[in-house]
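Secondary and tertiary structure notes
Chain residues, written in single-letter form:
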Amino acid sequence: MIDTVRTFFLVVLAILGPIAFALSVWDGFQNTLTQWICRYIQVYLWLPVSDMFSTILAKIQVLMLQNDIERMQADPNFSLDSSDGVYIVFLCIGIIGYFTIPTVAGWIIQAGGMGGYGRNVNQMAGRAGSMAGSVAGAAAGNAVGRVGKLLK
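Quantities reported herein were computed from a predicted structural model and do not represent experimental measurements. The written sequence of each chain sets the order in which its residues are numbered from 1. Local features in a predicted model are, by the rule used here, given only for residues with pLDDT of at least 70; side-chain atom pairs are given and counted only at 80 or more, and totals for whole chains, interfaces and linings are based on all residues. To obtain the side-chain values, all non-hydrogen atoms of the structure were included, while hydrogens and water were left out.

The definition of a nonpolar core used throughout is a set of buried Ala, Val, Leu, Ile, Met, Phe, Trp, Tyr and Cys residues joined through side-chain atoms within 4.5 Å. Burial classes follow relative accessibility: with a 1.4 Å probe on protein chains only, a residue under 20% of its type's maximum area counts as buried, one over 50% as exposed, and anything between as partly exposed. With seven residues, the main nonpolar core is built from Leu10, Leu13, Val43, Trp46, Val49, Ile101 and Ala105. Each helix is a run of H or I in the DSSP string that is no shorter than four residues. Each strand is a run of E no shorter than two, and both are numbered from the N terminus. Elements with a contribution of two residues or more to this core: α1 (2-23), α3 (46-74) and α5 (101-108). Residue contacts follow a heavy-atom distance rule, with two residues in contact if any of their heavy atoms lie within 4.5 Å. For Val49, the residues in contact, after removing those within four places along its chain, are Ile101, Val104, Ala105 and Ile108.

Before going further, it helps to examine a nonpolar patch on the surface. Among the surface-exposed residues, Met1, Val5, Phe8, Phe9, Val11, Val12, Ile15, Leu16, Ile19, Leu23, Trp26 and Phe29 lie close enough to one another that they form a single nonpolar patch of about 1200 Å² accessible area. Relative to the helices and strands, Phe9 resides in helix α1. Here, patches come from residues exposed beyond 30% relative accessible area and free of salt bridges, joined within 9 Å for like charges and within 5 Å for nonpolar side chains (Val, Leu, Ile, Met, Phe, Trp, Tyr). Accessibility throughout is a Shrake-Rupley quantity obtained with a 1.4 Å probe, and a residue counts as covered only by protein chains that appear here. Salt bridge criterion: a side-chain nitrogen from Lys or Arg within 4 Å of a carboxyl oxygen from Asp or Glu.

Between the rings of Phe, Tyr and Trp (Trp by its six-membered ring), a pair exists once the centres lie within 6.5 Å; its type follows the angle of the planes, with under 30 degrees stacked, over 60 edge-to-face, and the other angles tilted. The tally for this structure, following the rule as stated, stands at four aromatic pairs. Look at Phe53 and Tyr98: their rings are 5.0 Å apart centre to centre, the planes differ by 85 degrees, and that puts the pair in the edge-to-face class. Here Phe53 is found in helix α3, whereas its partner Tyr98 is found in helix α4 (residues 84-99), with 45 residues between them in sequence. Under the relative-accessibility criterion, Phe53 is labelled partly exposed at 21%. Clustering of aromatic rings is evident, with ring pairs tying together Phe8, Phe9 and Trp46. By definition here, charges over rings are those cases where NZ of Lys or CZ of Arg is within 6 Å of the ring centre and within 35 degrees of the ring normal. In this structure, Arg6 is placed above the aromatic ring of Tyr44, and the distance from its NZ or CZ to the ring centre is 4.7 Å.

Now for α5. Because the α-helix completes a turn every 3.6 residues, residues three or four places apart line up on one side. What α5 keeps buried is the set Ile101, Ala105 and Gly106. Buried residues of α5, viewed axially, fall in a sector of 140 degrees; they line one side. As used here, the arc is the angular range of directions from the helix axis to the C-beta atoms.

A word on α1. Here a helix's expected span is defined as the number of its residues, less one, multiplied by 1.5 Å. The terminal C-alpha atoms of α1, which comprises 22 residues, lie 30 Å apart, in line with the 32 Å expected from a rise of 1.5 Å per residue. At Leu16, α1 shows its maximal kink, close to 35 degrees; a proline, Pro18, follows between one and four residues later. Buried residues of α1: Arg6, Leu10, Leu13, Gly17 and Ala20, and no others. Taken together, the buried residues of α1 touch α2 (31-44) and α3. Working definition for bend: take the seven residues up to and ending at a residue and the seven starting at it, fit an axis to each, and measure the angle between the axes.

As a further point, take the packing of α3 against α5. Here α3 crosses α5 at 110 degrees, and the two axes come no closer than 9 Å. By the angle class used here, α3 and α5 are roughly perpendicular. When the axes of α3 and α5 are compared, the crossing they make is right-handed. The residues of α5 that touch α3, namely those facing Trp46, Val49 and Ser50, are Ile101, Pro102, Val104, Ala105 and Ile108. In this count, Pro and Cys sit with the nonpolar residues alongside Ala, Val, Leu, Ile, Met, Phe, Trp and Tyr, while Asp, Glu, Lys and Arg are called charged and the others, Gly among them, polar. Along the lines of polarity and charge, the residues of the contact of α3 with α5 split into seven nonpolar, one polar and no charged. In this description, a line fitted to the C-alpha atoms serves as the axis of each element, helices being fitted only across the stretch in contact, and the angle between N-to-C directions of two axes falls anywhere from 0 to 180 degrees. Orientation categories follow fixed angle ranges, with anything under 35 degrees roughly parallel, anything over 145 roughly antiparallel, 65 to 115 roughly perpendicular, and all other angles oblique. Less than a right angle of anticlockwise turn of the near helix away from the far helix marks a crossing as left-handed, whereas a clockwise turn marks it as right-handed.

The following block contains the structure:
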């Protein structure tokens, strides 16, 4: 099921890719292409994350079954009915876990951000820092020059 939804989203993203590329040419939309690539990779990761989740669930289920087999061999009066509640809880956790796959894929690659605004703020901060550095350098050079003249 997750593969079907993933394939549908990837097709939609593939159709929107050229539009994202075209929009990224204009000022203020430069981050559009990067966002599209991040979202495409994020949706592409749904299946590997699902496979890892399935592998973990399968390993836990194997360990639970091995435990039941050992208890059945040790106690002839052992009934599987006594552990049905554990299996039901385990399966509910598995079902809820599958709904979190897009969130987990989002943890792997972040598709959010402030875009062009964040870049502009960073550029302004960098310009202010370089301006402050140049003023401080000029002042220090002027002071050293004046002290040098006084010492001669």
